[in-house]
Amino acid sequence: MVAVTNDFTATYLATLNNHAVCCWLGVNTFTRESFLRVFLESCIKVTPRTQVQDCRDPKDDKFLSVALEAKAVMLVTGDKKDLLSMNPYKDVAIITAREFLNIA
């Protein structure tokens, strides 16, 4: 299950509505909108009650806050410099997408 906040949802929408990203992915509007609808429907929406302030990069604290609020077992990231260096964080494994795909 993927946990998101309203801020994350807005970021996903902005990224996937970017023309350059769509061209890079080779997707048309219908495919993009269908993916977003199914993806967002399968996510759980959370609003963190506590704000973590443990990451070296304060912009990444929100990901840790969401992971803790959602009681996540893992957080998948490409942020090698900050988040991955914190693995594990409390009871949350912090792994790369490649590691996640090897598990799945």
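About the criteria used
- Residues numbered from 1 in each chain as written.
- Predicted model: local features only at pLDDT ≥ 70, side-chain atom pairs only at ≥ 80, totals over all residues.
- Heavy atoms only, no water.
- pLDDT = per-residue confidence, 0-100.
- Helix = DSSP H or I, 4+ residues; strand = E, 2+ residues; numbered from the N terminus.
- Core = buried A, V, L, I, M, F, W, Y, C linked by side-chain atoms within 4.5 Å.
- Buried < 20%, exposed > 50% of the residue type's maximum accessible area, 1.4 Å probe, protein only.
- Axes fitted to C-alpha atoms, helices over the stretch in contact; angles between N-to-C directions.
- Parallel < 35°, antiparallel > 145°, perpendicular 65-115°, else oblique.
- Left-handed = near helix turned anticlockwise from the far one by under 90°.
- Contact = heavy atoms within 4.5 Å.
- Nonpolar A, V, L, I, M, F, W, Y, C, P; charged D, E, K, R; others polar.
- Arc of directions from axis to C-beta.
- Phe/Tyr/Trp six-rings, centres within 6.5 Å; stacked < 30°, edge-to-face > 60°.
- Patch = residues over 30% accessible without salt bridge, like charges linked within 9 Å, V, L, I, M, F, W, Y side chains within 5 Å.
- Areas by Shrake-Rupley, 256 points an atom, 1.4 Å probe, with all protein chains shown as cover.
- Salt bridge = Lys/Arg side-chain N within 4 Å of Asp/Glu carboxyl O.

Enquirer: Mind showing me how you'd approach the confidence of the model for the protein chain here?
Expert: Interpretation of this model should avoid reading the predicted coordinates in detail wherever pLDDT is low. With 99% of its residues at a pLDDT of 70 or more, the protein chain has an overall mean of 86. Averaged pLDDT values over the elements of the protein chain bottom out at 73 in helix α2 (residues 19-25) and peak at 95 in strand β4 (residues 93-95).

Enquirer: I'm lost on the nonpolar core in this one. Help?
Expert: By size, the foremost hydrophobic cluster in this structure holds 11 residues: V52, C55, L64, A67, L75, L83, L84, M86, Y89, V92 and I94. Judged by nonpolar contacts, the second largest core, of 7 residues, contains F8, F39, L40 and V66.

Enquirer: Just to check I follow, could you spell out the packing of helix α1 (residues 6-16) against helix α3 (residues 29-42) for this structure?
Expert: How two helices sit against one another is set out by the angle between their axes and by the gap between those axes. Interhelical geometry of α1 versus α3 gives an angle of 165° and a closest axis separation of 11 Å. Taken together, the axis directions place α1 and α3 in an arrangement best described as roughly antiparallel. Regarding α1 and α3, the two cross each other, and that crossing is right-handed. Where α1 approaches α3, its residues T9, Y12, L13 and L16 are matched on the opposing element by R32, F35, L36, F39 and L40. In the contact of α1 with α3, the residues fall into 7 nonpolar, 1 polar and 1 charged.

Enquirer: It is not clear to me how α1 should be interpreted in this structure. Could you clarify?
Expert: The complete set of buried residues in α1 reads F8, T9 and L16. Taken around the axis of α1, the buried residues stretch over an arc of 100°, which confines them to a single face. Those residues of α1 that are exposed and angled more than 90 degrees off the buried face are N6, D7 and A14. Its buried side turned inward, α1 meets β1 (3-4), α2, α3 and α4 (61-69).

Enquirer: Would you mind showing me how to read the packing of aromatic side chains here?
Expert: Given two aromatic rings, their pairing is described by the distance between the two centres and the angle made by the two planes. Applying the stated criterion across every chain yields a total of 1 aromatic pair. Each ring, one from F35 and one from F39, has its centre 5.6 Å from the other, and the planes form 15°; the classification is stacked. A residue pair is termed a helical-turn pair when its members lie 3 or 4 positions apart in one helix, as F35 and F39 do in helix α3 at 4 residues.

Enquirer: Please clarify how unusual backbone geometry should be interpreted in this entry.
Expert: Both trends apply: most residues other than glycine have a negative phi, and most peptide bonds are in trans. The residue after N87, namely P88, is reached through a cis peptide bond having omega -10°. Of note, P88 is situated in the loop between β3 (74-76) and β4. The phi angle at K71 is positive, at roughly 55°, despite the residue not being glycine. Take K71: it is sitting in the loop between α4 and β3. Judged by its relative accessible area of 66%, K71 is exposed. Positive phi, close to 55°, is recorded for K90, a residue that is not glycine.

Enquirer: Would you mind showing me how to read a nonpolar patch on the surface here?
Expert: On the surface, V76, F100 and L101 cluster together to form a nonpolar patch covering roughly 280 Å² of accessible area. Mapping F100 onto the fold places it in helix α5 (residues 97-103).

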